[in-house]
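# A closer look at the structure
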Amino acid sequence: MTVHLEVAEGVGTLRLDRPPMNALDVATQDRLKELAEEATRREDVRAVVIYGGEKVFAAGADIKEMQAMDHTAMVLRARALQDSFTAVARIPKPVAAAVTGYALGGGCELALCADYRIAGENAKLGQPEIMLGLIPGAGGTQRLARLIGPSKAKDLIFTGRQVRADEALALGLVDRVVPADEVYTQAHAWAAKLAQGPALALRAAKESVDTGLETDIDTGLAVERNWFAGLFATEDRERGMRSFVEEGPGKAKFL
């Protein structure tokens, strides 16, 4: 299998494993979707890390495989490609991308599906599809613009250039830069801390933010309002407020 789901401490690691560059061929895309949906369902998975290994996150699509596809084949495949990434983006739990080495094309688009991106100092990110006479097809034109703004996204997409970790941080493409050998450890620590939190409230927060980015503010506020009120029916809300009153802020335990 080219993608594995490994679970420890409430954290599910979606591990890409297709040496040498973790090229995202059709089989890998389909497996990614399958495991993202499994991570969504499993109650023992309370947060997720996407990781490609110590040397490379994912260098992009399998170009040799794509070269053999004509227009009809890609019309039939394009939705499945997007659906595999959307399955990751819609995991209703905190998701971190642990980015080492190259995250290009589909690899960058996969990192964009995470809620938080930790990059190694050796990371290089970009959307080089324009150099193939293409545009990003797995959400890059949409998620990248929402994350860093349209003009910066267009610069990366139009030029196809790669950015190093420090520029990616300045652009807002990644959220933290650490030594390459600490990327997974720090991403796992971020996820493990959140795995101890109130699962339904975290889900509500993620859905409210994501929905708000995709719709008008009135609709977003309605989603927020409904989740906010609904959480008053949960045991976690009772536990959190009781702990605050009796012990002070920040001491509630949700597991």
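Here's what I pulled together on the structure shown here. Being a predicted model, the structure only gives us computed values, none of them experimental. (Residues numbered from 1 in each chain as written. Predicted model: local features only at pLDDT ≥ 70, side-chain atom pairs only at ≥ 80, totals over all residues. Heavy atoms only, no water.)

With that out of the way, let us pick up the overall build of the protein. Scanning the protein for helices and strands turns up 11 helices and nine strands. Its C-alpha atoms give the protein a radius of gyration of 19 Å, near enough to 18 Å, the size a compact globule of 255 residues would have. If you line up the protein on its principal axes, its C-alpha atoms span 65 × 40 × 35 Å. Going through the 255 residues of the protein one by one, you find that 44% of them count as buried. In the protein, once contacts between residues fewer than 6 apart in sequence are set aside, the share between residues at least 24 apart is 70%. Summed over all atoms, the accessible surface of the protein reaches about 13,300 Å², with 55% contributed by carbon and sulfur. In the protein, which carries 31 positive and 36 negative side-chain charges, the distance between the mean positions of the two groups comes to 1 Å. (Helix = DSSP H or I, 4+ residues; strand = E, 2+ residues; numbered from the N terminus. Rg over C-alpha atoms; globule rule 2.2 N^0.38 Å. Buried < 20%, exposed > 50% of the residue type's maximum accessible area, 1.4 Å probe, protein only. Contact = heavy atoms within 4.5 Å. Areas by Shrake-Rupley, 256 points an atom, 1.4 Å probe, with all protein chains shown as cover. Lys, Arg positive; Asp, Glu negative; His and termini not counted. Charge placed at Lys NZ, Arg CZ, Asp CG, Glu CD.)

A cluster of nonpolar side chains, contributed by Ile63, Leu132 and Leu134, occupies part of the molecular surface with about 260 Å² of accessible area. Its location among the elements puts Ile63 in helix α2 (residues 63-67). (Patch = residues over 30% accessible without salt bridge, like charges linked within 9 Å, V, L, I, M, F, W, Y side chains within 5 Å. Salt bridge = Lys/Arg side-chain N within 4 Å of Asp/Glu carboxyl O.)

A few words on the packing of aromatic side chains. Evaluation of the coordinates by the stated rule reveals three aromatic pairs. Relative to Tyr184, the ring of Tyr51 has its centre 4.7 Å away and its plane inclined at 35°; by these criteria the two rings are tilted. Remark: Tyr184 occurs in helix α8 (residues 183-195) and Tyr51 occurs in strand β3 (residues 47-51); sequence separation between them is 133 residues. Centroid distance Tyr116 to Trp190: 5.0 Å. Interplanar angle 5°. Geometry classified as stacked. With a gap of 74 residues between them, Tyr116 in strand β6 (residues 116-120) and Trp190 in helix α8 connect regions that are remote in the sequence. (Phe/Tyr/Trp six-rings, centres within 6.5 Å; stacked < 30°, edge-to-face > 60°.)

With that settled, consider the sheet that holds strand β1 (residues 3-8). Working definition: the strands of a sheet are paired by backbone hydrogen bonds and lie parallel or antiparallel to each other. Here six strands make up an open sheet; going across it, the order is β1-β2-β3-β4-β6-β9 and the pairing mixed. The sheet is open, and its two borders are formed by β1 and β9 (176-178), each paired with just one other strand. Taking each pair of neighbouring strands and ignoring which way they run, the sheet shows an average axis angle of 20°. Pairing of strand β4 (residues 95-99) with β6, which is carried by four bridges, proceeds in the parallel orientation. Among the inter-strand pairings, Val99 is bridged to a residue of β6, identified as Ala119. (Pairing = 2+ DSSP bridges. Axes fitted to C-alpha atoms, helices over the stretch in contact; angles between N-to-C directions.)

Positionally, Asp236 belongs in helix α11 (residues 235-247). The exposure class of Asp236 is buried, given its relative accessible area of 19%. With residues up to four places along the chain from it excluded, the contact list for Asp236 reads Pro198, Ala199 and Phe254.

To continue, consider the pairing of β3. In terms of burial, β3 is a largely internal element, five of the five residues being buried. Alternating positions in β3 separate into two faces, Ala47, Val49 and Tyr51 on one and Val48 and Ile50 on the other, with burial throughout. In this view, the connection linking strand β2 (residues 11-16) to its parallel neighbour β3 by way of helix α1 (residues 26-41) has right-handed handedness. Here four bridges tie β3 to β4, and the two strands are oriented parallel to one another. Within the sheet, the bridge partner assigned to Val49 lies in β4 and is Ala96. (Right-handed = clockwise from strand over helix to strand, strands pointing away.)

On to unusual backbone geometry. Between Pro19 and Pro20 the backbone carries a cis peptide bond, its omega angle lying at 5°. The residue Pro20 is located in the loop between β2 and α1 in this model. The phi angle at Glu9 is positive, at roughly 55°, despite the residue not being glycine. By the element assignment, Glu9 lies in the loop between β1 and β2.

Taken in spatial order, the three strands line up as β5-β7-β8 in an open sheet, and their pairing is mixed. Because the sheet does not close on itself, it has two edges, and the strands there are β5 (102-104) and β8 (162-164). Direction aside, the axes of adjacent strands within the sheet are offset by 20° on average. Bridging between β5 and strand β7 (residues 124-126) involves three bridges; their strand directions are parallel. Within β7, the residue paired with Ala103 across the bridge is Leu125.

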